[in-house]
Amino acid sequence: AVGNLETTFAGPKKAYSSYPTFNTPENLAYTLKKIGFDVLSTANNHCYDTGYSGIESTIDYLDDADISHTGTYKSQEDQNKILIKNVKGIQIAFLSFTYGTNGIKVPSDKSYSVNLIDKNLILQQINLAKQQNPDMICVSMHWGIEYQTSPNSEQKDLADFLFKNGADVIIGNHPHVLQSMEKRKITLDNGETKDGFVVYSLGNFLADQNKNYTRDSAILNVNITKNNEGKISINSATYTPIYIYKDTSKSSKKFKIVNLKNSIDSYDAGYDTNIVKNVYNTFKNELNNIRKLLGDEIK
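All values reported here derive from a predicted model rather than from experimental measurement. (Residues numbered from 1 in each chain as written. Predicted model: local features only at pLDDT ≥ 70, side-chain atom pairs only at ≥ 80, totals over all residues. Heavy atoms only, no water.)

*Asks:* Can you walk me through the sheet that holds strand 7 (residues 169–173) in this structure?
*Replies:* Hydrogen bonds along the backbone pair up the strands of a sheet, which may run parallel or antiparallel. The sheet built from six strands is open, its strands ordered 4-5-6-7-9-8 with mixed pairing. Each end of this open sheet is capped by a strand with a single partner; those strands are strand 4 (83–87) and strand 8 (181–187). If you compare each strand with its neighbour and ignore which way they point, the axes differ by 20° on average. Two strands pair when backbone bridges link them, and strand 5 (residues 90–98) and strand 6 (residues 136–142) are joined in this way by seven bridges, in the parallel orientation. By the bridge assignment for strand 6, Leu-95 is matched with Val-139. (Pairing = 2+ DSSP bridges. Helix = DSSP H or I, 4+ residues; strand = E, 2+ residues; numbered from the N terminus. Axes fitted to C-alpha atoms, helices over the stretch in contact; angles between N-to-C directions.)

*Asks:* Would you mind going over the sheet that holds strand 11 (residues 232–246) with me for this structure?
*Replies:* Strand order across the open sheet formed by three strands is 10-11-12, with antiparallel pairing between neighbours. The open sheet has two edge strands with one neighbour each: strand 10 (216–226) and strand 12 (255–259). Between one strand and the next, the sheet's axes are offset by a mean angle of 30°, whatever the strand orientation. One ladder, built from five bridges, connects strand 11 with strand 12; its direction is antiparallel. Residue pairing across strands places Ile-244 opposite Ile-257, the latter belonging to strand 12. Helix 6 (residues 260–268) contacts strand 11 and strand 12 of the sheet and is inclined by roughly 80° relative to strand 12. On top of the sheet, helix 7 (residues 277–294) reaches strand 10, strand 11 and strand 12; it is set at about 150° to strand 11, its chief contact. (Contact = heavy atoms within 4.5 Å.)

*Asks:* I'm lost on the packing of aromatic side chains in this one. Help?
*Replies:* What describes a pair of aromatic rings is the distance from one ring centre to the other and the angle between the planes of the rings. A complete count under the given rule lists seven aromatic pairs for this structure. Ring geometry for Tyr-19 and Phe-22: centres 6.4 Å apart, planes at 55°, overall tilted. When the ring of Tyr-245 is compared with that of Phe-283, the centres are 6.1 Å apart and the planes differ by 90°; the resulting orientation is edge-to-face. Placement of the pair is Tyr-245 in strand 11 and Phe-283 in helix 7, with a sequence separation of 38 residues. In this structure an aromatic cluster arises from ring pairing among Tyr-243, Tyr-245 and Phe-283. Lys-110 extends its terminal NZ or CZ atom over the ring of Tyr-52, reaching a point 5.1 Å from the ring centre. Taking NZ or CZ as reference, Lys-211 lies 5.1 Å from the ring centre of Tyr-147, over its face. (Phe/Tyr/Trp six-rings, centres within 6.5 Å; stacked < 30°, edge-to-face > 60°. Lys NZ or Arg CZ within 6 Å of the ring centre and 35° of its normal.)

*Asks:* Where do I start with the pairing of strand 9 (residues 193–199) in this structure?
*Replies:* Looking along a regular strand, one sees the side chains alternate between the two faces of the sheet. For strand 9, a buried count of six out of seven residues is recorded, marking the element as mostly surrounded by other parts of the structure. Here three bridges tie strand 7 to strand 9, and the two strands are oriented parallel to one another. Bridge assignment links Val-169 to a residue of strand 9, and that residue is Phe-197. Inspection of the sheet shows strand 8 paired to strand 9 by seven bridges, in the antiparallel sense. Across the sheet, the residue bridging to Thr-187 is Thr-193, located in strand 9. Taking the residues between adjacent antiparallel strands as the criterion, strand 8 and strand 9 are bridged by five residues, where Gly-191 takes a positive phi near 95°. (Buried < 20%, exposed > 50% of the residue type's maximum accessible area, 1.4 Å probe, protein only.)

*Asks:* What's the story with the layout of surface pockets in this structure? I'm lost.
*Replies:* Using a probe with the size of a water molecule, rolled over the atoms, empty space left in the structure can be pinpointed. As a volume, the second largest pocket reaches approximately 500 Å³. Looking at the second largest pocket, it is lined by 20 residues, and the ones nearest its centre are Gly-166, Asp-168, Leu-188, Glu-192 and Lys-194. Breaking the lining of the second largest pocket down by element, the ones donating at least two residues are strand 6, helix 5 (153–165) and strand 9. Sort the elements by how many residues they give to the lining of the second largest pocket and strand 9 lands first, with three residues. Taken together, the residues of the lining of the second largest pocket sort by class into five nonpolar, six polar and nine charged. (1 Å grid on protein atoms, 1.4 Å probe; cavity = no way out; pocket = protein on both sides within 12 Å on 5 of 7 lines; lining within 4 Å. Points joined across faces, edges and corners; volume = space filled by probe spheres on them. Nonpolar A, V, L, I, M, F, W, Y, C, P; charged D, E, K, R; others polar.)

Printed below as a string of structure tokens:
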């Protein structure tokens, strides 16, 4: 399970804060571990919200929670260590890059601390990954335009660049809304072909935003196999549509991640009497939005 952590854990000594500079209670790290996250991408436009000390502290808390992470680093040596996870016998290299840090200057002597989107750095990191002989490379990209439901030309150009140079799966973040996904047959310079998959944006898994589509998301399930010759196939990309429901009548614990299809089916069958008609209608509408933005499942 891979996610994007768009906040910092700078600890209680720095006041906890929300938008525009985030410092989240570090308890979240341990909660994310409990619910099953294995890898978190930390390269995003909010990673420097609490400065370089926040970069270090976030990494320390994730390490303590036993969550693997990629995208921000405490040293040049760490940046050059590629995260490899053995997933049911398939060795996957994980990389992560962001377009920027919200104008917060990265110290010149600590350029290693965050992977910025730069084709030379991307190529360097992919080549470092290839030296580890992984079966596949998964890249998280913090890119695109906020609240735009279609990928722009820069995202498409970067996806082409990544696939051509060795990426197999690309997971997009930043727009806070869903964007389309696609499976491709990639032809490499040597004439060989391979499968590639990109989702340009997975939207918000959990957030408190009110713009159109910002409460819609999906838990994406990508099925991958390796044959006896070691060739990777991306067989399917299915998803569970989810919705961030906010109960404004509550003062705490007001958010719930709703499995939309299950909730709608339960209401239709008369099992769930807690859902009122207008909420049910909202769920149906948001489910249609998700299917429209993300597209059909790939099977």
